[in-house]
Structures are given as C-alpha cells and as structure tokens.
Amino acid sequence: SQTIHQWPATLVQPVGSPLSLECTVEGTSNPNLYWYRQAAGRGLQLLFYSVGIGQISSEVPQNLSASRPQDRQFILSSKKLLLSDSGFYLCAWSTPGGRETQYFGPGTRLLVL
Amino acid sequence: GDSVTQMEGPVTLSEEAFLTINCTYTATGYPSLFWYVQYPGEGLQLLLKATKADDKGSNKGFEATYRKETTSFHLEKGSVQVSDSAVYFCALDAGNMLTFGGGTRLMVKP
C-alpha cells in the first residue's frame, strides 16, 4: 500500500533562517507531488506541483522553492524565512494523469518567530 | 478560472443534529468533486468524491450529490457526532490540480 511521510511534524524557526521540509512517498512510482500551505483561518493554497524528477511548477510567487531530487521525494525550501511563512504545510501525491484523487501527508506545522 | 465556494463557519450543532455544508463551484468542463476532512492537528483525509453529474458520494454517514444544474456538491449527514468535529474542505479536480474551498469548521457539542 502507498504511504506518504512528512517531517518534521512541528518546527519553530527564527525570521531569516533557512527552511527544509521533506516529503517522501512509498509504494508507488512516478507520482505527481504537491505542496500546499494552510495559513491560520484560511483555506489551502497550492504552492508547487511536480510531475517528475526535476520538474517543478509554481502556482504563486513567494519566498519558497521546491525541488524533486528523486522520484518519490519532494522538498520545500527557503533561504530566509518570513513571519508570513508560518502555517501548516501539506504534501500530497496522486497517480499520473488528471482527475485522480490526491492523498495527503500528516503535515508540518511551521511557526516563524 | 476554477473556484470553489463554501459556506463560512464555524457551524455549531448539537449531537444527533442534521448537517448541511454548502459547496458551489465554477469550472470549465466536467470536474470531479471531493470533500476532504481535517481533524484537529492532522492532515487532510479524503471523505468522499463524485466524478460525474448525479453521482452520490458517501462515507461514514456523510453524503454529497454532484448537481451539475446548480453547480453544487453540498455535504450532508443525518445525525452528527462529537467525533465529526473537524474542518471540511470542498474541492474540485480539473486536470492535475485540486482547487479547494476555504474550509468550514464544524463543532459538535454533546
């Protein structure tokens, strides 16, 4: 069966520090991968998606970047965190192609102070 | 572009009350529709889905019917429990992307 992992579960970082959140998927090959952010009191915002290794698409301009160094690994990064980067970050995967259900990881709660 | 609109919360109900959370959408073509649930401190879980008009998705006592004529996918449950307290997200799938509504927080009191 397929599983999706995210870590860390919780992170407190000072403003200006770097960030690296990791997401890995097991039990499937060539998944589509997604990063979402859920800010307090707001809905989900798609940040990045990837259909293959090294292929990253960004949905909104921001302080964050994403990379996919391996087929089932998706990393969310920042060189310098902003206060506004605080939120709940969710990774998700789906099978290739359209109209497929997305499966979400447990999420990482980031607090930037 | 595609969009999903949900009723604003929080929705507060007593146990065993009837639940409706409204969801309407705007999309080109024929999207699939979903309801996701987020329990406190957890990630999202798929609750139910419908892939074409007039389909009814159901799970854990929740139901939603894909209404193309009214572009709606309202979530209903006949008798809510305290354990149903969570945030519920309506979403549509156009191609590879999910577009989410803003979420509706449900609070069920004993």
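Above this note sits the structure.
The present account deals with the structure reproduced in this document. (Residues numbered from 1 in each chain as written. Chains lettered and ligands numbered in written order. Predicted model: local features only at pLDDT ≥ 70, side-chain atom pairs only at ≥ 80, totals over all residues. Heavy atoms only, no water.)

Considering the overall build of chain B
Note the threshold: A run of DSSP states H or I qualifies as a helix once it reaches four residues; a run of E qualifies as a strand once it reaches two. Both are numbered from the N-terminal end. Just to be clear, the radius of gyration here is over C-alpha atoms, and the globule rule we use is 2.2 Å times residues to the power 0.38. In this description, contact between two residues means that some pair of their heavy atoms is separated by no more than 4.5 Å.
The helix and strand inventory of chain B stands at 0 helices and 12 strands. For chain B, the sequential pattern of α-helices and β-strands runs β-β-β-β-β-β-β-β-β-β-β-β. In terms of overall dimensions, chain B is globule-like: its C-alpha atoms have a radius of gyration of 13 Å, near the 13 Å expected for 110 residues. Across its three principal directions, the C-alpha atoms of chain B cover 45 × 25 × 20 Å. Taking contacts inside chain B between residues at least 6 apart in sequence as the whole, the part at least 24 apart equals 54%.

Regarding the state of the cysteines
Using the following cut-off: The disulfide criterion is simple: two cysteine sulfur atoms within 2.5 Å. For every residue, the accessible area (1.4 Å probe, protein chains only) is compared with the maximum for its type, and the residue is labelled buried under 20%, exposed over 50%, or partly exposed between those bounds.
Throughout the structure, instances matching the rule amount to 2 disulfides over all chains. Disulfide pairing is shown between Cys23 of chain A and Cys91 of chain A; the S-S distance is 2.0 Å. Between Cys23 of chain A and Cys91 of chain A the sulfur-sulfur dihedral comes to about -75°; the bridge is accordingly left-handed. Linking Cys23 of chain A in strand β3 (residues 19-26) with Cys91 of chain A in strand β9 (residues 87-94), this pair joins segments that are 68 residues apart in sequence. Given a relative accessible area of 0%, Cys91 of chain A falls into the buried group. One disulfide in the model links Cys23 of chain B with Cys90 of chain B; its S-S distance is 1.9 Å.

Section: unusual backbone geometry
Of note, the amide linkage connecting Trp7 of chain A to Pro8 of chain A takes the cis form, showing an omega dihedral of 0°. Considering the arrangement of structural elements, one finds Pro8 of chain A in the loop between β1 (3-7) and β2 (10-13). The residue after Gly9 of chain B, namely Pro10 of chain B, is reached through a cis peptide bond having omega 0°. Mapped onto the fold, Pro10 of chain B is located in the loop between β1 (3-6) and β2 (11-14). In the Ramachandran plot, Glu16 of chain B falls in the positive-phi region, its phi being about 75° despite a non-glycine side chain. When you line up the elements, Glu16 of chain B lands in the loop between β2 and β3 (19-21). Take Glu16 of chain B: its relative accessible area is 59%, and that puts it in the exposed class. Phi at Asp54 of chain B takes a positive value of approximately 75°, unusual for a residue other than glycine. Residue position: Asp54 of chain B is located in the loop between β6 (44-50) and β7 (56-59).

Description of the nonpolar core
To be explicit about the condition: Buried Ala, Val, Leu, Ile, Met, Phe, Trp, Tyr and Cys residues that are joined via side-chain atoms within 4.5 Å together make up what is termed a nonpolar core.
Among the nonpolar cores identified, the biggest contains 26 residues, and Leu19, Trp35, Leu47, Leu48, Phe73, Leu75 and Tyr88 of chain B are the most heavily contacted of them. Listing elements by their share of this core, those giving two or more residues are β2, β3, β4 (23-26), β5 (32-38), β6, β8 (62-65), β10 (86-94) and β12 (104-109) of chain B. At 4 residues, β10 of chain B tops the list of elements feeding residues into this core. Judged by nonpolar contacts, the second largest core, of 20 residues, contains Leu33, Leu47, Phe74 and Trp93 of chain A.

Let's talk about the sheet that holds β8 of chain B
Residue and element names in this part refer to chain B. Stated precisely, the cut-off is as follows: When DSSP finds two or more bridges between a pair of strands, those strands are recorded as paired. Lines fitted to C-alpha atoms define the axes here, with helix axes fitted over just the stretch in contact, and angles between the N-to-C directions of these axes take values from 0 to 180 degrees.
If you trace the 4 strands from one edge of the open sheet to the other, you get β3-β9-β8-β7, paired in antiparallel fashion. Two strands in the sheet have a free side with no partner beyond their single neighbour: β3 and β7. Looking at each pair of strands side by side, their axes are set apart by 20° on average, direction ignored. Pairing between β8 and strand β9 (residues 75-77): 3 bridges, direction antiparallel. Bridge pairing in β9 links Ala64 to Leu75.

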